[in-house]
Amino acid sequence: QVQLVESGGGLVQPGGSLRLSCAASGSIFSIGLMNWYRQAPGKQRDLVASMDRDGNSNYADSVKGRFTISRDNAKNTVYLQMNSLKPEDTAVYYCNADVYSPYNRLNNYWGQGTQVTVSS
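These notes cover the structure that comes with them. These figures come from a predicted structure and were not determined experimentally.

### Concerning the sheet that holds strand β8 (residues 77–82)
Then, number 1: The strand order across the open sheet built from four strands is β1-β3-β8-β7, with neighbouring strands paired in antiparallel fashion. Here the strands that pair on one side only, and so sit at the sheet edges, are β1 (2–7) and β7 (67–72). The average angle at which neighbouring strand axes cross in this sheet is 15 degrees, direction not considered.
Then, number 2: Pairing of β1 with strand β3 (residues 18–26), which is carried by six bridges, proceeds in the antiparallel orientation. Across the sheet, E6 pairs through a bridge with C22, a residue of β3.

Structure representation (structure tokens):
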């Protein structure tokens with residue numbers, strides 16, 4: 001079994017910054033894509049950013065130039081640095097990862113989510 005645990009959410013004023021972390025633990029051989037999603041109240045869950053094991057990244061248009069995804073493969077951890085935050089960034093942020101088990105089985109896992117609120 002694999003667990004993804006997010007941290008770093010909170011309340012921040014518009015224009016401020018937050019850094020989210022997501023650490024994977026458990027029966028892990030390697031991790032492929034690591035992603036950040038977000039879901040605002042009454043809306044669908046949307047992909048914010050993703051990064052593969054080689055460091056190639058993609059971003060939603062709404063966060064390009066403001067958010068930066070990074071990862072530490074040795075620590076099985078992915079980060080999301082969020083700058084110039086706007087009220088519309090308010091959402092629950094979820095970590096998601098493709099994890100290969102020691103038996104080479106691939107499964108997709110989700111974290112429990114962390115709340116980010118941007119408000120004055």
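### Examining the nonpolar core
Then, number 1: Counting 30 residues, the largest nonpolar core has L4, W36, V48, F67, L80, M82 and Y93 as its most contacted members.
Then, number 2: Going through the elements one at a time, β1, β3, β4 (30–39), β5 (46–51), β7, β8, β9 (91–100) and β11 (114–118) are the ones with two or more residues in this core.
Then, number 3: For this core, the element with the highest residue contribution is β9, accounting for five residues.
Then, number 4: Those residues in contact with M82, other than ones at most four positions away along the chain, are G16, S17, L18, L20, R66, F67, Y93 and V116.

### Let's talk about the state of the cysteines
Then, number 1: If you walk through the whole model with that rule in mind, you get one disulfide.
Then, number 2: Across a sulfur-sulfur distance of 2.1 Å, C22 and C95 are joined as a disulfide pair. A torsion of -80 degrees about the S-S bond marks the disulfide between C22 and C95 as left-handed. Separated by 73 residues along the polypeptide, C22 in strand β3 and C95 in strand β9 bring together distant segments of the chain.
Then, number 3: The class of C22 is buried, set by a relative accessible area of 0%.
Then, number 4: With relative accessibility at 0%, the residue C95 sits in the buried group.

### Comments concerning the pattern of salt bridges
Then, number 1: This model, assessed by the stated rule, comprises three salt bridges.
Then, number 2: Across the pair D61 and K64 runs a salt bridge whose closest N-O atoms are separated by 3.1 Å. Each member of the pair, D61 as well as K64, carries the same accessibility label: exposed.
Then, number 3: Note that D89 and R66 form a salt bridge whose closest N and O atoms lie 2.8 Å from each other. Remark: R66 occurs in the loop between β6 (57–59) and β7 and D89 occurs in the loop between β8 and β9; sequence separation between them is 23 residues.
Then, number 4: Assessed through its relative accessible area of 0%, D89 is described here as buried.
Then, number 5: We classify R66 as buried; its relative accessible area is 10%.
Then, number 6: Three or more residues joined by partner-sharing salt bridges are found here, namely R38, R66 and D89.

Thresholds applied
- Residues numbered from 1 in each chain as written.
- Predicted model: local features only at pLDDT ≥ 70, side-chain atom pairs only at ≥ 80, totals over all residues.
- Heavy atoms only, no water.
- Pairing = 2+ DSSP bridges.
- Helix = DSSP H or I, 4+ residues; strand = E, 2+ residues; numbered from the N terminus.
- Axes fitted to C-alpha atoms, helices over the stretch in contact; angles between N-to-C directions.
- Core = buried A, V, L, I, M, F, W, Y, C linked by side-chain atoms within 4.5 Å.
- Buried < 20%, exposed > 50% of the residue type's maximum accessible area, 1.4 Å probe, protein only.
- Contact = heavy atoms within 4.5 Å.
- Disulfide = S-S within 2.5 Å.
- Salt bridge = Lys/Arg side-chain N within 4 Å of Asp/Glu carboxyl O.

Everything listed here is a matter of coordinates, which is why it stays silent on function.
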